[in-house]
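# Structural overview for review
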Amino acid sequence: MDQFTLNLLVVGATFALYIGIAIWARAGSTAEFYAAGRGVHPVMNGMATGADWMSAASFISMAGIIAFGGFNTSAYLMGWTGGYVLLAMLLAPYLRKFGKFTVPEFIGDRFYSQTARTVAVVCLIIASVTYVIGQMTGVGVAFSRFLEVSNETGLFIGAAIVFMYAVVGGMKGITYTQVAQYVVLIVAYTIPAIFISLELTGNPIPGLGLFSQTQSGQPLLTELNGLLVDLGFSNYTEQTDTTLNMFLFTLSLMIGTAGLPHVIVRFFTVPSVADARVSAGWALVFIALLYLTAPAVGAMARLNLINTVYPQGVAEAPLAYEARPDWVKNWEQTGLLKFDDKNGDGLIQYVADDAANEFTVNRDIITLANPEIANLPGWVIALVAAGGLAAALSTAAGLLMAISSAVSHDLIKSQINPSISEKGELLSARIAMAVAIAVATWLGLNPPGFAAQTVALAFGLAASSIFPALMMGIFSKRINNTGAVAGMLSGLIVTLIYIFLHKGWFFVAGTASFSDADPLLLSVKSTSFGAVGALINFVVAFVVSGMTKETPQEIQDLVESIRVPKGAGAAVDH
Amino acid sequence: MDDTSSSNAYWKANIRTIQIFLVIWFVCSFGFGILLRPMLSGIGVGGTDLGFWFAQQGSILVFLVLIFAYAARMNKLDREHGVEE
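Criteria and cut-off values
Residues numbered from 1 in each chain as written. Chains lettered and ligands numbered in written order. Predicted model: local features only at pLDDT ≥ 70, side-chain atom pairs only at ≥ 80, totals over all residues. Helix = DSSP H or I, 4+ residues; strand = E, 2+ residues; numbered from the N terminus. Rg over C-alpha atoms; globule rule 2.2 N^0.38 Å. Buried ≥ 20, exposed ≤ 12 C-beta atoms within 10 Å, placed from the backbone. Contact = placed C-beta atoms within 7 Å. Nonpolar A, V, L, I, M, F, W, Y, C, P; charged D, E, K, R; others polar. Core = buried A, V, L, I, M, F, W, Y, C linked by C-beta atoms within 7 Å. Domains from an automatic or database assignment. Axes fitted to C-alpha atoms, helices over the stretch in contact; angles between N-to-C directions. Parallel < 35°, antiparallel > 145°, perpendicular 65-115°, else oblique. Left-handed = near helix turned anticlockwise from the far one by under 90°. pLDDT = per-residue confidence, 0-100.

## Quick notes on the overall build of chain B
Broken down by element type, chain B carries three helices and two strands. Sequence-ordered secondary structure for chain B, helices as α and strands as β, is α-α-β-β-α. The C-alpha radius of gyration of chain B comes to 18 Å, more than 25% above the 12 Å expected for a compact globule of 85 residues. By principal-axis analysis of the C-alpha atoms, chain B measures approximately 60 × 20 × 15 Å. In chain B, which comprises 85 residues, the share counted as buried stands at 38%. Sequence-distant contacts in chain B: of pairs separated by 6 or more residues, those separated by 24 or more amount to 58%.

Below you can see the structure in the form of structure tokens.
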């Protein structure tokens, strides 16, 4: 059977599974549509959160980012996992006790302010839309590489699948599809990693292989460091970023993770407060399975890449272009891997010096090309294709759910037509979902300038506006409506301005006054500014609240009640 | 709240737990992985140093332990203060 047929079979089988689940898990009420009826087992919810959270970026890009960034990229590993500790202790249990459907709804009720709720809706929509475009383009790339259809066709197929289970099943359909998608993506990620680790180090667990010895008798990382230095690169394990920027970047990713609405709402689906706490732990277990493997995949892929180009060692002549392996040929066709024979000797020079380097590898191909680099059988390649699609589709569905419930519940039901019936709201939620999918597909086909800024924009906004508002709403009774709105707006605006100063105003090229290589404040890059924005939010909220009227008694009672688990069951049928 | 004094004690115990856990969270990620890494460079782990291990793996393992420990501790506090569901 040829590779194409195999890809088609494996991807087709996983899609059939997702559609089957969608038909089984139809949503009949708003509680089912928004919160899966609050009957999801905490372990199941953990698995769904894993798929919801791990996007095309985690599955496709992260290993490559680590492979070419070395120690500096530890910020992603710590940042995208450490946020779950904050979520478990500072947000999830209390928001579950609150027992409503959306993140803006909590902000609106707690700060008794439609303005606060609207600011939260705007942040949610900007962050989620930026995020979803990346998923849609990821779907297009995976389809075009593995199923030989055009980017556009791939996008339409992906959108149609999401449409089927998200519009019909709402949160309920999405939850159970995400569980299936998690299984597909983790199997697809782990199998090639195990083979590669075995081949290089003899250790079947990639996370341990990273710190083991290779056949040369040297530890893997020592060998990699040595090769890289010989080729003029910096040490893999050395920190080249400034400590200040790495610190702030890690912190921004952590609080951004905890503040992303599509992740938070997953904890509204479990039956109790205790379940919300433990479910965050299960989510991190399932995420860690990939995140403990990713740094190993990254380092091993870099080592394999160097060994491919320099089969006799870096002191000897590199590989002749004519003798390049098949995987190099395959990926050359996508343009993501390039050879430019600058000195005309027909050999592939791969060195740090840009003027002499002839071999450019896009970091996004590392995970996808891994099975080919390691000469694994065809079904593994097909599985990786299905895994990449599962990662992108599951995250896209979670984001679309957050967007559509913000529109139907926080805008239509709360501000435009409060007397809407449950049936009417359910219908409007489905229409909002369908529109959101159409918009996301269109944006995937015509990516705007901000599409590439997911890390700065989505995490920046979640960190600077949503996370502090939620945390202060739970941990302080003193923060009032004026303080919260002032805090959210100042955190949000200062962060946006900082991003615009470095990336261009509204991401229009050529309008930036600074660059991330030489930023405005010390060494703080625009992607690391979310943590500073959060600090501004906290300070402004406290100062303004201190100067204005105290929160009313019923709001203080509300805060008291969300702090204790007792009574969360009653909220199920609200 | 009909039982404010009990829920106040419960909340204080929760805050104390969170503070302790956040210190561990901070030290094992920002501390060992970034700020204190130069001081740990003498301790070798599989071809590199302990700081590198914490930054790429150790911190994640600590996060896992922290969340489950917090969930267990809170379940106990819930029962002790009679606020469980």
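Still more ground to cover, so stick around.
## Some words on the interface of chain B and chain A
Between chain B and chain A, the contact holds 35 residues from the first and 43 residues from the second. Residue assignment for the side of chain B that touches chain A shows that the elements contributing at least two residues are helix H1 (4–35) and helix H3 (50–80) of chain B. Looking at the side of chain B that touches chain A element by element, the count peaks at 16 residues for H3(B). Across the side of chain B that touches chain A, the residue classes tally to 22 nonpolar, ten polar and three charged.

## A closer look at the environment of Gln453(A)
All names here are of chain A. Inspection of the secondary structure puts Gln453 in the loop between helix H18 (422–445) and helix H19 (454–475). The exposure class assigned to Gln453 is buried, which follows from the 20 C-beta atoms found within 10 Å. Here Gln453 is in contact with Thr130, Lys503 and Phe507, once residues within four sequence places are set aside.

## Points about the nonpolar core
In terms of nonpolar packing, the biggest core is built from 226 residues, with Leu185(A), Leu400(A) and Ile67(B) touching the most fellow members. Looking at which domains feed residues into this core, each of domain 1 (3–300 + 377–573) and domain 2 (309–362) of chain A supplies at least three. If sequence neighbours within four positions are ignored, Leu400(A) has contacts with Val132(A), Val162(A), Ala166(A), Met433(A), Ala436(A), Ile437(A) and Ala440(A).

## Brief notes about the packing of helix H6 (residues 103–110) of chain A against H19(A)
All names here are of chain A. Running from N to C, H6 and H19 cross one another at 50°; their axes reach a closest spacing of 10 Å. Of the possible angle classes, the one that applies to H6 and H19 is oblique. The crossing of H6 and H19 is left-handed. In contact with Val103, Phe106, Ile107 and Arg110 of H6, H19 contributes Ile466, Ala469, Leu470 and Gly473. Its residues placed into classes, the contact of H6 with H19 shows six nonpolar, one polar and one charged.

## Quick look at H6(A)
Residue and element names in this part refer to chain A. The element H6 is extensively covered by neighbouring structure, given that seven of its eight residues are classed as buried. Those residues of H6 that fall on the buried side of the exposure criterion are Val103, Pro104, Glu105, Phe106, Ile107, Gly108 and Arg110. Packing partners of the buried residues in H6 comprise helix H5 (74–98), helix H7 (114–146), helix H12 (261–264), helix H17 (378–416), H19 and helix H22 (553–563). The first or second residue beyond H6 is Tyr112, which carries a positive phi of 35°.

## Here we look at the packing of helix H1 (residues 3–24) of chain A against H17(A)
Residue and element names in this part refer to chain A. One can describe the packing of H1 onto H17 by two numbers: an axis separation of 8 Å at closest approach and a directional angle of 40°. One way to sum up the angle between H1 and H17 is to call them oblique. For the element pair H1 and H17, the recorded crossing hand is right-handed. Contacts between H1 and H17 involve Gln3, Leu6, Asn7, Val10, Val11 and Thr14 from the former and Gly378, Trp379, Ile381, Ala382, Leu383, Ala385, Ala386, Leu389 and Ala390 from the latter. Here the contact of H1 with H17 is composed, by residue class, of eleven nonpolar, four polar and no charged.

## Concerning the confidence of the model for chain A
Residues at a pLDDT of 70 or more form 99% of chain A, whose mean pLDDT is 91. By mean pLDDT, the top-scoring element of chain A is helix H21 (residues 530–547) of chain A (97), and the lowest-scoring one is helix H16 (residues 365–373) of chain A (85).

## Things to note about the domain arrangement of chain A
Residues and elements named next belong to chain A. Segmenting chain A into domains produces domain 1 (3–300 + 377–573) and domain 2 (309–362). Domain 1 and domain 2 are separated by 36 Å when their C-alpha centres are compared. In this complex, domain 1 contributes six residues to the contact, which on the side of domain 2 involves six residues. Its residues assigned to classes, the side of domain 1 that touches domain 2 comprises three nonpolar, one polar and two charged.

## Focus: unusual backbone geometry
All names here are of chain A. Backbone geometry at Tyr112 places phi at a positive 35°, although glycine is not the residue there. Examined against the element boundaries, Tyr112 turns out to sit in the loop between H6 and H7. Tyr112 gets classed as partly exposed once you count the C-beta atoms within 10 Å, which come to 16. At Phe506, a position not held by glycine, the phi torsion is positive, near 50°. Owing to 11 C-beta atoms within 10 Å, Phe506 belongs among the exposed residues under this scheme.

## What about the confidence of the model for chain B?
Residue and element names in this part refer to chain B. When pLDDT is averaged along chain B, the result is 91, and 93% of the positions lie at 70 or above. Confidence, expressed as mean pLDDT per element, reaches its minimum in chain B at strand S1 (residues 44–45) with 87 and its maximum at H3 with 96. Reported confidence for the predicted complex is 0.94 by ipTM and 0.93 by pTM.

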